[in-house]
Amino acid sequence: MHETAAAPAWVMLAYLIAGICFILALRGLSSPATSRRGNRYGMIGMAIAVGTTLVIQEIAGLWEVAIAIAIGGAIGFFIARRIAMTAMPQLVAAFHSLVGLAAVLVGAAAYLNPLAFGIADAAGSIYFNSRLEMGLGVAIGAITFSGSVIAFLKLNGNMSGKPILVPARHVLNFGILFAILALIAYFTQDQSPWIFWTVTGLAFAVGFLLIIPIGGADMPVVISMLNSYSGWAAAAMGFTLQNTAMIITGALVGSSGAILSYIMCRAMNRNFLSVIAGGFGGDAAAGAAEAAIDRPWKRGSAEDAAFLMQQAELVIIVPGYGLAVAQAQHAVRELADLLKAEGVTVKYAIHPVAGRMPGHMNVLLAEANVPYDEVFELEDINSEFARADVAFVIGANDVTNPAAKTDKSSPIYGMPVLDVEKAKNVLFVKRSMGGVGYAGIDNDLFYRDNTMMLLGDGKKMAEEIVKNLG
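Note that the structure is predicted; figures quoted are calculated from it, not measured.

Some details on the overall build of the protein
Across its full length, the protein carries 19 helices and 6 strands. When each of the 470 residues of the protein is scored for burial, the buried share is 49%. Here the contacts in the protein between residues at least 6 apart in sequence split such that 77% fall between residues at least 24 apart. Carbon together with sulfur atoms contributes 64% to the accessible area of the protein, which is approximately 21,200 Å² in total.

Below you can see the structure in the form of structure tokens.
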């Protein structure tokens, strides 16, 4: 199955239109206000790409392909209708794993039957370029699959979110990666089965090893990086299948995922290369774990919080992973609606890595119908905290820790954080004083004179505040 040597002009035009739709989709998905439009562009582009490919291919079992598409579409529709917004990170990880597995299966099919894919001569010898593309595509796909499975298990609670530190893991990982690259280079000269399947097996193994040392709370960068891997795997398979649409789509996903990963690394003050190498956050988290500091702190109640908010002119709400765990987004929106009805200005401050994946908090707030114009990113809202009467923090720990700006010995030093401590009053919702964030350190904000700790479940606390506001 392969495209004809000289594809008709309309085919190339169709693929170009599909590529433009994908670019418009990425642009639309960059903002909650235009995300629906971006999704539509993506769906249109994919329909054009798939439809065009099916038309130009000589497929004997077209009905089987149609049935497979229908079954897959039905499963996707069912999952999308039932999935909770709080479970979106693990759903994304699961989808990445399927993309990686698809790349491996396509590569294996092409290797076992190269003549059907048009990538070999009459004697069955696979062309040099195709061997290279196939080897890279299968390796990246296998790493994406196994890494995404581990990410899913950590996010879904089936595996401990704590880093699992394998002895000499960096030496082991780099050794396996070097072996994979060396075998792919050898594969271009010798297409023996043992080389292909060894590359595949090693890639599956290193995918597990790269993600296991990463703490469950460090997933924003991991998810975006796995997204990038899946794109490059698809692009490599596009070359193997001689399919322009796959090459365009894979390159767009791969490059946008890499750029997003870099942005996430900057937001967390992490090294981009350390994420690619694996073990991201492992050493820092393990070395930074500290016992809670025995310092005086103030405990407040829902009544206290309601009183302070009613007297305020500006309230800034800072959601974190604790909001997602408690599924408190609807209660928080109801709280904000009551405050606005009393003339209080309400804004939401979103840190780039709040939650378990890029945009996690934006998705949760959108699901609760929070107006887009009330939601602000870190660089747009930080200057507002100094004039805010109340900063209401729900489970956002490290991204609000002032130590990132003052303590050079802190593992999060240099990480851009929300200037929550500058508000006149800080109300911090937290289950207990014993818990720590992904960095494993105490938050100096808890002990500030202007901070009042509201201990308890985020949703229940928000609901109690709503009752007292009413």
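There's plenty left to go through after this.
Section: empty space enclosed by the protein
In this structure the tally under the stated criterion is 2 cavities of 30 Å³ or more. What the second largest cavity holds in volume is close to 30 Å³. Of all the secondary structure elements, the ones that give two or more residues to the lining of the second largest cavity are helix H6 (128–156) and helix H8 (193–211). By residue number, the principal contributor to the lining of the second largest cavity is H8, which donates 3 residues. Across the lining of the second largest cavity, the residue classes break down as 4 nonpolar, 2 polar and no charged.

Here we look at the packing of H6 against helix H7 (residues 169–187)
Where H6 meets H7, the closest approach of the two axes is 8 Å, and the angle between their N-to-C directions is 155°. Looking at the two axes, H6 sits roughly antiparallel to H7. Between H6 and H7 the crossing geometry is right-handed. Residues Arg-131, Leu-132, Met-134, Gly-135, Leu-136, Ala-139 and Ile-143 of H6 lie in contact with H7, whose contacting residues are Leu-177, Ile-180, Ile-184 and Phe-187.

Some remarks on the nonpolar core
Of all hydrophobic cores here, the largest spans 45 residues; its most connected members are Met-134, Ile-180, Phe-196 and Ile-211. Elements that contribute at least two residues to this core include exactly helix H4 (88–112), H6, H7, H8 and helix H9 (219–241). With 9 residues, the top contributor of residues to this core is H4. With 39 residues, the next largest nonpolar core counts Ala-326, Leu-339, Met-361 and Val-429 among its residues.

Description of the pairing of strand E1 (residues 314–319)
Looking down a regular strand, the side chains alternate between one sheet face and the other. With 6 of 6 residues buried, E1 lies mostly within the body of the structure. The side-chain alternation of E1 yields two buried faces, one formed by Leu-314, Ile-316 and Val-318 and the other by Val-315, Ile-317 and Pro-319. Where E1 lies against strand E2 (residues 345–350), 4 bridges are found, and the strand directions are parallel. Residue pairing for E2: Ile-317 is matched across the bridge by Tyr-348.

What counts, and where the lines are drawn
Residues numbered from 1 in each chain as written. Predicted model: local features only at pLDDT ≥ 70, side-chain atom pairs only at ≥ 80, totals over all residues. Heavy atoms only, no water. Helix = DSSP H or I, 4+ residues; strand = E, 2+ residues; numbered from the N terminus. Buried < 20%, exposed > 50% of the residue type's maximum accessible area, 1.4 Å probe, protein only. Contact = heavy atoms within 4.5 Å. Areas by Shrake-Rupley, 256 points an atom, 1.4 Å probe, with all protein chains shown as cover. 1 Å grid on protein atoms, 1.4 Å probe; cavity = no way out; pocket = protein on both sides within 12 Å on 5 of 7 lines; lining within 4 Å. Points joined across faces, edges and corners; volume = space filled by probe spheres on them. Nonpolar A, V, L, I, M, F, W, Y, C, P; charged D, E, K, R; others polar. Axes fitted to C-alpha atoms, helices over the stretch in contact; angles between N-to-C directions. Parallel < 35°, antiparallel > 145°, perpendicular 65-115°, else oblique. Left-handed = near helix turned anticlockwise from the far one by under 90°. Core = buried A, V, L, I, M, F, W, Y, C linked by side-chain atoms within 4.5 Å. Pairing = 2+ DSSP bridges.

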